[in-house]
Amino acid sequence: MNLDAVRTFVAAVDAGQFQDAAATLSITQQAVSKRIAALENDLGVRLFTRTARGTHLTVDGQTFLPHARELLRAEARADASVRPGRRALRVDVHSRRTAPAVLLQDFHRAHPRIELDVVTLDADVHAAMAAVEAGTVDATFHAVTVAARHLPTAIRTNRVIDEHHDLLVGSRHPLANARTVTPAQLAEHRIWMPGMAPGTEWAAYYDELAAAFGLTIDLVGPVFGNEALLAEIADSAQLATLAGVRTRYLWPDSYDLRRIPVRDPAPIYPMSLIWRDDNSHPALRALREHLDSRRVPAPDAEVWLPPWG
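A brief look at the structure comes next. Just so we're clear, the structure is a prediction, and the values are computed from it rather than from any experiment.

Taken as a whole, this structure holds 16 salt bridges when the rule is applied. Between arginine 7 and aspartate 4 there is a salt bridge whose closest N-O contact spans 2.8 Å. Residue arginine 7 and its partner aspartate 4 are both found in helix H1 (residues 3-15); the two are separated by three residues, about one turn of the helix. Each member of the salt-bridge network shares a partner with another, and the members are Asp4, Arg7 and Glu75.

Looking now at the pairing of strand S5 (residues 139-142). Of the two faces of S5, the one lined by Ala139 and Phe141 and the one lined by Thr140 and His142 are each fully buried. Relative to S5, strand S3 (residues 89-92) runs parallel, the two sharing two bridges. Bridge pairing links valine 91 to alanine 139 in S5. Note that S5 and strand S13 (residues 269-276) share four bridges and pair antiparallel. Looking at the pairing, alanine 139 lines up with tryptophan 275 of S13.

As a further point, take the environment of aspartate 162. Relative to the assigned elements, aspartate 162 resides in strand S6 (residues 155-163). Residues aspartate 162 and glycine 225, spaced 63 residues apart in sequence, show a C-alpha to C-alpha distance of 25 Å. A polar side-chain atom of aspartate 162 sits 2.8 Å from a polar atom in the side chain of arginine 159. A polar contact is formed between the side chain of aspartate 162 and the side chain of arginine 295, at a distance of 3.0 Å.

Okay, the pairing of S13 next. Taken residue by residue, a regular strand's side chains alternate between the two faces of the sheet. Summarising burial for S13: seven of the eight residues are buried, a large majority. Sheet topology note: the S6/S13 ladder contains eight bridges and is antiparallel. Note that in S13 the partner of isoleucine 161 across the bridge is methionine 271.

Moving on: helix H9 (residues 226-234). The complete set of buried residues in H9 reads Leu229, Leu230, Ile233 and Ala234. Mapping the buried residues of H9 onto a view down its axis gives an arc of 130 degrees, with all of them on the same face. The inward-facing, buried residues of H9 contact strand S7 (165-169), strand S8 (190-192) and strand S10 (240-244).

Taking strand neighbours across the sheet as the criterion, the five strands line up as S4-S3-S5-S13-S6 in an open arrangement whose pairing is mixed. If you trace the sheet from one side to the other, it starts and ends with strand S4 (116-119) and S6, each paired once. Neighbour-to-neighbour, the strand axes of the sheet open up by a mean angle of 20 degrees, direction not taken into account. In the packing of helix H8 (residues 201-213) onto the sheet, contacts are made with S5 and S13, and the angle to S13 comes to roughly 155 degrees. With respect to the sheet, helix H10 (residues 282-294) is in contact with S3, S5, S6 and S13, its orientation differing from that of S13 by roughly 160 degrees.

Remark: H1 packs on helix H2 (residues 18-25), axes separated minimally by 8 Å, with the N-to-C direction vectors making an angle of 120 degrees. As judged from the angle between their axes, H1 and H2 are oblique. Every pair of crossing elements has a handedness; the one defined by H1 and H2 is right-handed. Contact residues: H1 offers Arg7, Thr8, Ala11, Ala12 and Ala15, while H2 offers Phe18, Asp20, Ala21 and Leu25. Of the residues belonging to the contact of H1 with H2, the class tally is six nonpolar, one polar and two charged.

Considering the arrangement of structural elements, one finds tryptophan 308 in the segment after strand S14 (303-304). For tryptophan 308 and leucine 25, which are 283 residues apart along the polypeptide, the C-alpha to C-alpha distance reads 58 Å. In contact with tryptophan 308, other than residues within four places in its own chain, are Ala143, Val144, Thr145, Glu201, Ala204, Tyr205, Glu208 and Pro270.

Moving on: H10. Here H10 contains 13 residues, and its C-alpha end-to-end distance of 19 Å stays within 8% of the 18 Å for a straight helix at 1.5 Å per residue. Listing the buried residues of H10 in full gives Ala283, Leu284, Ala286, Leu287, His290 and Leu291. Down the axis, H10 shows its buried residues gathered within 160 degrees of arc, on one side only.

With that settled, consider the nonpolar core. Of all hydrophobic cores here, the largest spans 45 residues; its most connected members are Phe141 and Leu167. If one sorts the elements of this core by residue count, H8 sits on top with six residues. Once you skip the residues sitting within four places of it in the chain, leucine 167 turns out to touch Leu175, Val181, Leu186, Ile191, Ala240, Thr241, Leu242, Arg258, Arg259, Ile260 and Val262. Counting 18 residues, the second largest nonpolar core, distinct from the first, contains Ala5, Phe18, Phe64 and Ala68.

What follows is about the packing of aromatic side chains. Under the counting rule described, the total for this entry stands at seven aromatic pairs. Where tyrosine 205 meets tyrosine 206, the ring centres are 5.0 Å apart and the plane angle is 85 degrees; that geometry is what we call edge-to-face. Accessibility classification places tyrosine 205 together with tyrosine 206 in one group, the buried group. Ring centres of tyrosine 205 and tyrosine 269 lie 4.7 Å apart, and the angle between their planes is 75 degrees; on these two criteria the pair is classed as edge-to-face. Residue tyrosine 205 is located in helix H8, and its partner tyrosine 269 is located in strand S13; the two are separated by 64 residues in the primary sequence. Its relative accessible area of 0% is what places tyrosine 205 among the buried residues. With a relative accessible area of 11%, tyrosine 269 lands in the buried category.

Reading the values: rules and limits
Throughout this description, residue numbers start from 1 for each chain and increase along the sequence as written. In view of the model being predicted, local features appear only for residues whose pLDDT reaches at least 70, and side-chain atom pairs are presented and counted only at 80 or more, with totals across whole chains, interfaces and linings using the full set of residues. Only heavy atoms go into the side-chain values, all of them from the structure, while hydrogens and water stay out. The term salt bridge refers to a side-chain nitrogen of Lys or Arg lying within 4 Å of a carboxyl oxygen of Asp or Glu. Put simply, DSSP H or I for four residues or longer makes a helix, DSSP E for two residues or longer makes a strand, and each gets a number counted from the N terminus. A simple rule labels every residue: compare its accessible area, found with a 1.4 Å probe on the protein chains alone, to the largest value its type can have, and call it buried under 20%, exposed over 50%, or partly exposed in between. For two strands to be treated as a pair, DSSP must find no fewer than two bridges joining them. A 3.5 Å cut-off defines polar contacts: any pair of N or O atoms within that distance qualifies, except that in protein one atom must be a possible hydrogen donor and the other a possible acceptor, and neighbouring residues in sequence count only when both atoms are side-chain atoms. Our arc is simply the arc of the directions from the helix axis toward the C-beta atoms. A contact between two residues is defined here by any heavy atoms of the two lying within 4.5 Å. To obtain each axis, a line is fitted to C-alpha atoms, and for helices this fit is confined to the stretch in contact; angles are then taken between N-to-C directions over 0 to 180 degrees. Here the word oblique covers every angle except those under 35 degrees (roughly parallel), over 145 (roughly antiparallel) and from 65 to 115 (roughly perpendicular). The sense of a crossing depends on the near helix, which, turned anticlockwise from the far helix by less than a right angle, makes the crossing left-handed and, turned clockwise, makes it right-handed. Classes in brief: Ala, Val, Leu, Ile, Met, Phe, Trp, Tyr, Cys and Pro nonpolar; Asp, Glu, Lys and Arg charged; the others, Gly included, polar. In this scheme, a helix's expected span is set at 1.5 Å multiplied by one less than its residue total. What we call a nonpolar core is a set of buried Ala, Val, Leu, Ile, Met, Phe, Trp, Tyr and Cys residues that are connected through their side-chain atoms within 4.5 Å. Side-chain rings of Phe, Tyr and Trp, where Trp is taken by its six-membered ring, are said to pair if the distance between their centres is within 6.5 Å; with planes under 30 degrees apart they count as stacked, over 60 as edge-to-face, and otherwise as tilted.

Set out below in structure tokens:
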């Protein structure tokens, strides 16, 4: 069914005359007549009777009118749903515990009228970038391990997060009472990070970190979730793990877990916002500006970055 014909039908009903409907629609009276005739032919019924005093709806026209109005309302809703700024900005954060989710919540507090649709694709940078390119999401946060010239043509990135690390240990661990620890000190201890998928950008980061400081990062063991990992670390005198300083973990007070900043130098996990350069959603620009205003890079002398950071 041609929606222009439906729109012309409704305009003719509201105006009472084809001539007045033509003026409303900025088309000729002949075009109005042709559209109405085409609609009647499509429906197989007469919608109007025409007299010297004007046009009048037939019984079929009266029956069709409320449905015609609803079709136009549905068209308007469909159009508005994808207009820039009319739909929620869809952003992938990979995990709701980590820095991107924290920063998105901060953005929401600063811009409460902007609608957000926060999703977790559970994908590495390549799959998440493909989702951005396909339009499945408006933006995503990931460490970008390749040069800009090797990225898809439509993709843009901007480093917006320099995430420091905490060492997470139980109260019986040898470093439990330290105020800070250095990467060199960590070389003497087992860093337990079970379930880290090989080939991902975070696996590449920790491979570089381990090679730079002689760390032992143990990936062995089944993955029972963060709660089980925290319980194991709390109960151990040897196990430790690394967590971003803005990663949100909750545990019972009885665990007595300690978060100890890693410094001198401070390893930095660099994360970028990734988006399409032709995405015109106004909330995307607002998000980019917000993230730029919140980023405070540490002096280079105090940090360690992977070669691709």
